[in-house]
Each structure stands twice: as structure tokens, then as C-alpha cells.
Amino acid sequence: MLIADGELRYDIRCAGELIAVEDETLAAGRIHAVRRPASGSNVYEVEAELDAAGLIRRVVVSYSRGPFTRNATYESADNFLRGNVGAMGGRNNLTTKLGRYGEVDADLVIFRALTIAHIRERGQTRWTGRVAAIDPNTLVAATIKQSCRQRGNDPHVWIYEPRMGDSEEIEIDDSGLVIRRRDSRGIETILVSPPPR
């Protein structure tokens, strides 16, 4: 596996104030991750199955806010991510193209770690490609261009651009786990458990 199995907890802060918590588990080729706000009842949850190459084979996502719930299921095959999104009794079928390397981004830290792990595995220090990105609010997947590059000669610091005009500085440890992420809006995501080594 590109990233070691384990359970992770991240604090998400803005100007030092805790705004959300993200809990992630990777075990036996399966991801389970939940992001909850520090106050409020919104919950964003993702379950994903990985193939032998560490790419997303199937992903189930849900978003709930009070009594409102939206859910989606996607499967990757034949260079496409296909699925459906359901909310309030309705269901829409969706298809979006996978990029050349088959990356899927469900807007959680572990998906950034996987993409960077794939880049490192290919021996690249710079990458630009199309990614099937799932919006955490609508759960709709769309193909967008993302880019990532190693900062200077430091293999532990990467600059990630999830969409035009946005950027993130991501610090990883030797095993490829994200230990800190800072975005251009001032939001910082910090690994709190297990403590960074």
C-alpha cells in the first residue's frame, strides 16, 4: 500500500479557532472518513475501496445537515467515474471522465495524501492532470484540472492547486501521511492523532 494503514484525526482551524474535525481510517484497502464541524450538525462521510494500485475503485459519500441528507455512490471503470446522487426522494445518474492517472478527490486529507503518494511513486516532483473531484456539499463529481509540485528540494513539502486560484501547502512525513495543510484562505489542517513523528 502507498500509505500505511491506520487511524488519523485532524483538527481544521481558521485563525487558530477550531472549525471542524476530520477522522480517517485506512485499513485493508478501505477508507472511512468523516468530517464534522466543531459546532453544528453537518456531517460529511466517505467510504472508499481501493484497487491494488491504490486508486479509488468505488466510493460512497453522504452529507447531512439536520434532517436533510444527500448521498451518492460512484464506481470507476473504463476511464469513467459513474454513479448517482440521491436527495429528497430524487436520484440523478452522473458520469464524469477520469484523468490519465485515474485520480479521485473527495475533498478529504487522505485523498490528497493518495494523490501525492502516486506522484512520488512515479518519481515525479511536478504533476498536472485531470481529477474526478466530488463536491462535499452537492456530492456531484466533475472532472477538473489539478496540479501539484514539490517545493524546492524538500520531498516533505508540496504545493497543491485543487482548482484555479486556490493553493495549499502540504507537509508530509517519510511514510507519506499529511501532517499539516495550509490553504490560501487561511484554513489549516493539523494531524493531532497519532502525533506527528
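This text follows the structure it describes.
Every residue gets a number counted from 1 within its own chain, in the order that chain's sequence is written. It should be noted that, the model being predicted, local features are given only for residues of pLDDT at least 70 and side-chain atom pairs only at 80 or more, the latter also being counted only at that level, while totals for whole chains, interfaces and linings use all residues. No hydrogens and no water enter the side-chain calculation; it runs on all heavy atoms of the structure.

Undergrad: What is the right way to look at the pattern of salt bridges in this model?
TA: Pairs can form between side chains of opposite charge whenever their charged atoms are close. Throughout this description, the term salt bridge denotes a Lys or Arg side-chain nitrogen within 4 Å of a carboxyl oxygen of Asp or Glu. On inspection of all chains with the given rule, the structure shows 18 salt bridges. D23 is paired through a salt bridge with R9; the nearest N and O atoms lie 2.6 Å apart. Separated by 14 residues along the polypeptide, D23 in strand β2 (residues 17-27) and R9 in strand β1 (residues 6-14) bring together distant segments of the chain. Residue E188 pairs with R180 through a salt bridge whose shortest N-O separation is 2.7 Å. In DSSP terms, a helix is any run of H or I states spanning at least four residues, a strand is any run of E spanning at least two, and both are numbered starting from the N terminus.

Undergrad: I would appreciate a short explanation of the side chain of Q146 in the present structure.
TA: Following the sequence through the fold, Q146 ends up in strand β11 (residues 141-150). Judged by relative accessible area, Q146 falls into the buried class, the value being 1%. Under the rule applied, a polar contact is a pair of N or O atoms within 3.5 Å (in protein, one hydrogen donor and one hydrogen acceptor; residues adjacent in sequence only if both atoms are side-chain atoms). Here the side chain of Q146 touches Y160 through a polar contact of 2.5 Å, side chain to side chain. With sequence-adjacent residues up to four places away left out, Q146 is seen in contact with D105, W127, T128, G129, V131, A133, Y160, E161 and P162. Only protein chains enter the accessibility calculation, which uses a 1.4 Å probe. A residue is then buried if its area is under 20% of the maximum for its type, exposed if over 50%, and partly exposed in between. Residue contacts follow a heavy-atom distance rule, with two residues in contact if any of their heavy atoms lie within 4.5 Å.

Undergrad: How should I be thinking about the nonpolar core in this particular structure?
TA: Considering soluble globular proteins, one finds that nonpolar side chains tend to be buried as a cluster. Here, the term nonpolar core denotes a set of buried Ala, Val, Leu, Ile, Met, Phe, Trp, Tyr and Cys residues that are joined through side-chain atoms within 4.5 Å. Counting 46 residues, the largest nonpolar core has I31, I56, F111 and I134 as its most contacted members. With eight residues, helix α1 (residues 109-121) is the largest single contributor of residues to this core. Leave out the neighbours within four places in its chain, and I31 touches T25, L26, V46, E47, A48, L50, I56, I110, F111 and L114.

Undergrad: When you look at the pairing of strand β15 (residues 187-193) in this model, what are you seeing that I'm missing?
TA: Sheet faces and side chains relate simply in a regular strand, where the side chains alternate between the two faces. Relative to β15, β1 runs antiparallel, the two being bridged by six bridges. In the sheet register, D11 faces β15, and the bridge partner there is I190. Two strands pair under a simple rule: DSSP has to find at least two bridges between them. Here strand β14 (residues 178-183) runs beside β15; their pairing, made up of three bridges, is antiparallel. Looking at β15, one finds that R182 is bridged to E188. Hairpin geometry of β14 and β15 is characterised by an intervening segment of three residues between the two adjacent antiparallel strands and by a positive phi of about 90 degrees at G186.

Undergrad: Got a minute to help me understand the environment of E188 in this structure?
TA: The residue E188 is located in strand β15 in this model. Looking at E188, the relative accessible area reads 22%, which means it is partly exposed. E188 sits 28 residues away from Y160 along the chain, and the two C-alpha atoms are 14 Å apart. Setting aside its immediate chain neighbours within four residues, E188 contacts D11, I12, R13, R180, R181 and R182. One polar contact links E188 to R180, side chain to side chain, over a distance of 2.7 Å.

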